[in-house]
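Reading the structure
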Amino acid sequence: MSVTAAMVKELRQATDAPMMDCKKALVECNADMQKATEWLKERGIAQSAKKADRVAAEGLVGFKLADDFSQATIVEINSETDFVAQNEGFQNLVLKTTEEVYSTSPSDVENLKATSFGSYFSEAVAKIGEKIDIRRFATLKADDETVALNGYIHSNNRIAVIVLAKCDSKKTAEGLVPMLKNVAMHASAMKPTTLSFKDFDADFVQAETIGRIETIKKDNEELARLKKPLKNVPQYISMSQLTDAVLAQAEADIKATLKAQGKPEQIWDKIIPGSLARFIDDNTTLDKELALLDQTYVLDDKMTVAQAVEAEAKKLGGTAEIVDFVRFEVGEGIEKKVDDFAAEVAAQMS
């Protein structure tokens, strides 16, 4: 009986083994699904299927950076426990997976597992004896001499960042490389989720606006009860909401306030820019929290990350702009399973 793609797919779904191993098992067992399953189990390749209901939220990130800063790769591999993440076998698995991704540039995790490397990975997992997943990976390349790249991996091997900048010249790109490591370190600590406020979805911004305003109002109720200063309730939270019309109205409001205060009109021009800047600062809290370019730079709190990069490029006699970044932190976004041991024992006794 011939082995079909549908049979390979069915066996893979049943055992969670790599496709190449599933195909080999079916060939060895004359397309007998049950025998092929046993064949995989005997070799430890299907063990991970028994652990499918467990949550792998611990683990490590792997990081590889080219000596000439032309390419960098980050890989996240998850384990069930932090104990296993400290195991030498697991650490070697992370290292080899990172090397493989760096060298072969697979399109996705499934594509990586479909290669001969997938068999090696499954065998390594079987030896370790815990559910282990390749969750994600990313590679950025400086494929032009005017592109600067650098990255950073935190000492705990749980956070890694790659940053890519487009420059006006090769000279600027080479000179900017050291600063990009600082930006990567900034991103590791400040947890941006997107590059710029321009990347935010309008519905997301609207939902966040409503939620944040309501939170501040509730906080103010408690502050008022305690007779403490109230927090400012913003109208907006992102630069994406500050249209020309909104900024024009803000400027008009500032002028009206200055007039009511009796400030001479001849000095308004000196006051308005600062007041408008404070309005923007008060109404872009989402950007400063989540957008890398709009965050306050940790090494100079008088500038945003975008301004700091621009200033550094200017020192080098050119221009530069961060155009891409990748940040991985182990387990982010994974909902960990919390075991209720007492309930489990009670259920077994009933």
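Remember, it's a predicted structure, so these values are computed and weren't measured experimentally. (Residues numbered from 1 in each chain as written. Predicted model: local features only at pLDDT ≥ 70, side-chain atom pairs only at ≥ 80, totals over all residues. Heavy atoms only, no water.)

What to know about helix α11 (residues 244-260)
Quick note on the threshold: Every helix listed is a DSSP run of H or I at least four residues long, and every strand listed is a run of E at least two residues long, numbered separately from the N terminus. To estimate how far a helix should reach, multiply one less than its number of residues by 1.5 Å. Think of it in three bands: with a 1.4 Å probe and only protein chains considered, a residue is buried below 20% of the maximum accessible area for its type, exposed above 50%, and partly exposed in between. Working definition: the arc comes from the directions between the helix axis and the C-beta atoms, pointing outward to the latter. Note on contacts: a residue pair qualifies if any of its non-hydrogen atoms lie within 4.5 Å across the two residues.
Between its first and last C-alpha, α11 extends 24 Å over 17 residues, near the 24 Å set by a 1.5 Å rise per residue. Of the positions making up α11, those classed as buried are Val246, Leu247, Ala250, Ile254 and Leu258. The buried residues of α11 occupy an angular sector of 115 degrees when the element is viewed end-on, so they sit on one face. Every exposed residue of α11 that faces more than 90 degrees away from the buried side is listed here: Asp244, Ala245, Lys259 and Ala260. Residues of α11 that are buried make contact with α12 (268-282). Just beyond α11, the residue with positive phi is Gly262, at close to 75 degrees.

Some points on helix α6 (residues 88-104)
Between its first and last C-alpha, α6 extends 24 Å over 17 residues, near the 24 Å set by a 1.5 Å rise per residue. Within α6, burial applies to Phe90, Leu93, Val94, Thr97, Thr98, Val101 and Tyr102. Mapping the buried residues of α6 onto a view down its axis gives an arc of 160 degrees, with all of them on the same face. Among the exposed residues of α6, those oriented more than 90 degrees off its buried face are Glu88 and Ser103.

A closer look at the pairing of strand β2 (residues 71-79)
Residues in a regular strand point their side chains to alternate faces of the sheet. How we decide: When DSSP finds at least two bridges between two strands, those strands are taken to pair.
Counting buried positions along β2 gives nine out of nine residues, so the element sits mostly inside the fold. Inspection of the sheet shows strand β1 (residues 58-65) paired to β2 by eight bridges, in the antiparallel sense. Following the sheet pairing, Val61 is matched in β2 by Glu76. Hairpin connection from β1 to β2: five residues lie between these consecutive antiparallel strands, with Phe69 at a positive phi of about 60 degrees.

Let's talk about the sheet that holds strand β6 (residues 320-329)
One key point about sheets: their strands pair by backbone hydrogen bonds, in either a parallel or an antiparallel sense. Formally: Lines fitted to the C-alpha atoms define the axes, with helices restricted to the stretch that makes contact. Angles between their N-to-C directions range from 0 to 180 degrees.
Strand order in the open sheet made by the three strands is β4-β5-β6, with antiparallel pairing throughout. Single-partner strands in this sheet number two, and they are β4 (147-153) and β6. Across the sheet, the mean angle separating the axes of adjacent strands is 15 degrees when strand polarity is ignored. Relative to β6, strand β5 (residues 159-167) is paired through nine bridges, and the arrangement is antiparallel.

A few points about the sheet that holds β1
The sheet built from three strands is open, its strands ordered β1-β2-β3 with antiparallel pairing. Pairing within the sheet leaves two strands with one partner each, and these edge strands are β1 and β3 (132-141). On average, adjacent strands in this sheet sit at an angle of 10 degrees to one another, irrespective of strand direction. In the packing of α6 onto the sheet, contacts are made with β1, β2 and β3, and the angle to β2 comes to roughly 140 degrees.

Describing the environment of Lys127
Tracing the backbone shows Lys127 in helix α8 (residues 116-128). Judged by relative accessible area, which is 75%, Lys127 ranks as exposed.

Some thoughts on the pattern of salt bridges
What counts is decided by this rule: The rule for a salt bridge is simple: a side-chain nitrogen of Lys or Arg has to be within 4 Å of a carboxyl oxygen of Asp or Glu.
Per the stated rule, a full pass over the model turns up 17 salt bridges. With its nearest N and O atoms 3.9 Å apart, the salt bridge here joins Glu312 to Lys315. In this pair, Glu312 and Lys315 are both assigned in helix α14 (residues 305-315), three residues apart and thus about one turn of the helix distant. Accessibility expressed as a relative area gives 23% for Glu312, which makes it partly exposed. In this structure, a network of salt bridges that share partners links the residues Glu76, Arg135, Arg136, Arg327, Glu329 and Glu332.

Comments concerning the nonpolar core
Going by this rule: By nonpolar core is meant a set of buried Ala, Val, Leu, Ile, Met, Phe, Trp, Tyr and Cys residues that side-chain atoms within 4.5 Å join together.
Formed by 25 residues in total, the largest nonpolar core has its most connected members in Val163, Leu176, Val183, Leu292, Val309 and Ile322. At the level of secondary structure, the elements contributing two or more residues to this core comprise β4, β5, α9 (170-190), α14 and β6. A per-element tally of this core places α9 first, with eight residues. The residues touching Ile322, leaving out its near neighbours within four places in the chain, are Val163, Leu164, Ala165, Leu180, Val183, Leu195, Leu292, Leu293, Val305 and Val309. One finds Ile77, Val84, Phe90 and Val101 within the second-largest nonpolar core, a separate group that totals 18 residues.

Notes on the packing of α6 against α8
Worth spelling out the cut-off: For classification purposes, angles smaller than 35 degrees are called roughly parallel, those larger than 145 roughly antiparallel, those between 65 and 115 roughly perpendicular, and all remaining angles oblique. Lys, Arg, Asp and Glu make up the charged group, whereas Ala, Val, Leu, Ile, Met, Phe, Trp, Tyr, Cys and Pro make up the nonpolar group; the residues left over, Gly among them, are polar.
For the pair α6 and α8, the least separation of the axes is 10 Å and the interaxial angle reads 170 degrees. In this view, α6 runs roughly antiparallel relative to α8, as classed from their interaxial angle. Of α8, the residues touching α6 (which contributes Gly89, Phe90, Leu93, Lys96, Thr97 and Glu100) are Phe117, Tyr120, Phe121, Ala124, Val125 and Ile128. Grouping the amino acids of the contact of α6 with α8 by side-chain chemistry returns eight nonpolar, two polar and two charged.

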